[in-house]
Amino acid sequence: MSGGAMYQEALRALRRLELPDVSERDVLTALEEAQPGPLPLFYEAGAEAGLERDVLVARGVGLFFSFCAGNLADDLIDGDCTYYVFPLRDGPCVQFLLQNLAFASLTEPRARVPPGALAEGARLLAVAAGPQAQEVRVREWTAPVYRRVAEGIAGLQWAAYLRMLWADTRLEGRAVAVGQALGAAAHVAEDIRTHDRRFTSLPPEDRDAVVAWARAATEALRAWDLRCLDAALRRIEPILPEVSP
């Protein structure tokens with residue numbers, strides 16, 4: 001099994017809803033825009049934690065639906081939702097559907113997500129969404145502001161995903177710390193790669209502070225010695241520049 005196979009299972013879950021054709025097409029568009037996204041990492045992380053195949057698939061698919069809902073929300077906020085003719089009409093409907101489909105998938109008996117882990121994961125995702133309201137109101141980016149936003153929209157988001165994915169496994173106790181570090185490092189690397197204004201508008205000393213923070217996160221991830229993080233770190237680390245002396 002792989003991330004691609006998990007995506008096929010997500011498509012099957014969508015088809016089982018028997019939605020109107022136009023609705024299914026709209027949801028499929030959102031899934032296509034977000035994939036492969038986190039699917040390969042969900043698979044690798046779940047396998048390393050020792051999850052049985054059916055449990056891994058159910059949890060990974062549910063978390064992918066949640067990721068797609070968040071990705072769509074972010075695109076709507078940033079004006080990047082160009083894949084719908086009428087984004088403000090079509091997008092919210094799809095987002096609402098995906099969020100509920102995520103919940104339905106994660107509460108399936110075969111997913112075996114304990115109620116406590118599900119509740120904590122949902123709470124973390126709710127808290128993670130909070131800094132988005134700050135981000136859209138930022139007039140001048142500084143290192144502390146950047147870090148506060150990134151810790152929420154990226155760090156806590158990944159903490160929530162791993163908290164639910166690794167529930168009742170040997171890696172459960174590491175989930176929040178690993179997710180926070182992974183989200184932070186990936187967020188900074190992606191902003192550098194795409195020349196996002198959040199990063200490029202920072203004063204030089206603040207950029208160095210942000211990069212140093214991201215590098216500390218990658219070092220923490222290396223210290224966990226998890227094979228599932230290797231591919232992510234190979235993508236992230238070369239993007240982070242050396243910090244100015």
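You'll find the structure just up there.
What counts as what
- Residues numbered from 1 in each chain as written.
- Predicted model: local features only at pLDDT ≥ 70, side-chain atom pairs only at ≥ 80, totals over all residues.
- Heavy atoms only, no water.
- Helix = DSSP H or I, 4+ residues; strand = E, 2+ residues; numbered from the N terminus.
- Buried < 20%, exposed > 50% of the residue type's maximum accessible area, 1.4 Å probe, protein only.
- Contact = heavy atoms within 4.5 Å.
- Expected span 1.5 Å × (residues − 1).
- Arc of directions from axis to C-beta.
- Disulfide = S-S within 2.5 Å.
- Phe/Tyr/Trp six-rings, centres within 6.5 Å; stacked < 30°, edge-to-face > 60°.

J.: I'd love a proper account of unusual backbone geometry, names of residues and values included.
T.: The omega torsion across Q35 and P36 is 5°, close enough to zero to call that bond cis. Take P36: it is sitting in the loop between helix 2 (21–34) and helix 3 (39–48). At E18, a residue that is not glycine, the phi angle is positive and equals roughly 55°. For E18, a relative accessible area of 70% translates into the label exposed. In this structure, D225 is a non-glycine residue whose phi angle is positive, near 55°. Mapped onto the elements of the fold, D225 is located in the loop between helix 10 (204–224) and helix 11 (230–236).

J.: Please provide a residue-by-residue account of the side chain of S66, values included.
T.: Note that S66 resides in helix 4 (residues 53–78). When residues no more than four places from it in sequence are discounted, the contact partners of S66 are A102, L125 and Y161.

J.: Please give an account of helix 2 that cites residues and values.
T.: Taking 1.5 Å as the rise per residue, helix 2 with 14 residues should run 20 Å; its terminal C-alpha atoms sit 20 Å apart, in good agreement. Among the residues of helix 2, S23, V27, A30, L31 and A34 are the ones counted as buried. Take helix 2 and look down its axis: the buried residues cluster within an arc of 100°, on one side only. Away from the buried face of helix 2 by more than 90 degrees, exposed residues D21 and R25 are located. In the core, the buried residues of helix 2 are packed alongside helix 1 (3–16), helix 4 and helix 5 (87–106).

J.: Summarise the state of the cysteines; cite the residues concerned and give the values.
T.: Counted by the stated rule, this structure contains 0 disulfides. Cysteine C68 remains unbridged, with the sulfur of C81 as its closest cysteine sulfur at 13 Å. We classify C68 as buried; its relative accessible area is 1%. Summary of cysteine pairing: C93 is not part of a disulfide, and the nearest cysteine sulfur, belonging to C81, is at 12 Å.

J.: Explain the packing of aromatic side chains to me, and be specific about the residues and the numbers.
T.: Following the criterion strictly, the structure yields 6 aromatic pairs and no others. Between Y7 and F64 the ring centres are 6.0 Å apart and the planes differ by 80°, which places this aromatic pair in the edge-to-face class. Taken together, the positions of Y7 in helix 1 and F64 in helix 4 put the pair 57 residues apart, joining distant regions of the chain. F64 shares its class with Y7; the two are buried. With centroids separated by 6.1 Å and ring planes inclined at 65°, the aromatic side chains of W141 and Y146 adopt a geometry described as edge-to-face. This pair shows no difference in class: W141 is buried, exactly as Y146 is. An aromatic cluster of three or more residues is present, and its members are F42, W158 and Y161.

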